[in-house]
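Residue strings, one per chain:
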Amino acid sequence: EQFSVFTKGGTVLWSQELEEGFKDFAGINTLIQKVFLGERSGETSFQFLYDASKYFLKWAFNNELGLIFVAVYPAILNSQSM
């Protein structure tokens, strides 16, 4: 539904929404608050509820470039949710 690239400082460099109406960054903002600022950055996925639908957020760091890559997708696509 969404893929974003941003710096560790929080600047969004690129973002692509794959679903119409999914243009806000609520999932990514929650990820930053609860995982990155909550010092749970060792995790690699996060479940998020958005408009009564479950989504998973997965991310990867590129420490050399100081970038974070985040993918947001429906929980139904995650084998752990079945």
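Quick notes on the rules
- Residues numbered from 1 in each chain as written.
- Predicted model: local features only at pLDDT ≥ 70, side-chain atom pairs only at ≥ 80, totals over all residues.
- Heavy atoms only, no water.
- Helix = DSSP H or I, 4+ residues; strand = E, 2+ residues; numbered from the N terminus.
- Buried < 20%, exposed > 50% of the residue type's maximum accessible area, 1.4 Å probe, protein only.
- Contact = heavy atoms within 4.5 Å.
- Areas by Shrake-Rupley, 256 points an atom, 1.4 Å probe, with all protein chains shown as cover.
- Phe/Tyr/Trp six-rings, centres within 6.5 Å; stacked < 30°, edge-to-face > 60°.
- Arc of directions from axis to C-beta.
- Pairing = 2+ DSSP bridges.

Broken down by element type, the protein carries one helix and five strands. Beginning at the N terminus, the succession of helices and strands in the protein can be written as β-β-α-β-β-β. Within the span of the protein, comprising 82 residues, buried residues form 34% of the whole. Contacts in the protein between residues far apart in sequence, at least 24 positions, make up 36% of those at least 6 positions apart. Surface summary for the protein: the accessible area is close to 5200 Å², and the carbon and sulfur share equals 53%.

Inspection of the secondary structure puts F6 in strand β1 (residues 2-7). C-alpha separation for the pair F6 and V70, spaced 64 residues apart in sequence, amounts to 8.4 Å. Ignoring sequence-local partners within four residues, the contact set of F6 consists of T11, V12, L13, I28, I32, F36, G66, L67, I68 and V70.

Okay, the packing of aromatic side chains next. Per the counting criterion, the structure on display carries two aromatic pairs. For the pair F56 and Y73, a centre-to-centre distance of 6.2 Å together with 25 degrees between the ring planes defines the contact as stacked. Within this pair, whereas F56 is found in strand β4 (residues 53-62), its partner Y73 is found in strand β5 (residues 67-74), the two being separated by 17 residues in sequence. For the residue pair F56 and Y73, the accessibility class agrees, reading buried in each case.

Okay, helix α1 (residues 26-36) next. Residues of α1 that are buried: G27, I28, T30, L31, V35 and F36. Each buried residue of α1 sits inside an arc of 165 degrees when the element is viewed along its axis, so together they form one side.

Moving on, we get to the pairing of β1. Both faces of the sheet carry side chains from a regular strand, because those side chains alternate between them. Note: β1 against strand β2 (residues 12-17), five bridges, orientation antiparallel. Counterpart to F6 in the pairing with β2 is V12. Linking β1 back to β2 in an antiparallel pair, the connection comprises four residues, with G10 at a positive phi of about 105 degrees. The pairing of β1 with β5 spans six bridges and is antiparallel. Bridging from a neighbouring strand, S4 pairs with V70 of β5.

This part is about the pairing of β4. Pairing between β4 and β5: eight bridges, direction antiparallel. The residue bridging N62 from the neighbouring strand is L67, located in β5. Hairpin connection from β4 to β5: four residues lie between these consecutive antiparallel strands, with G66 at a positive phi of about 70 degrees.

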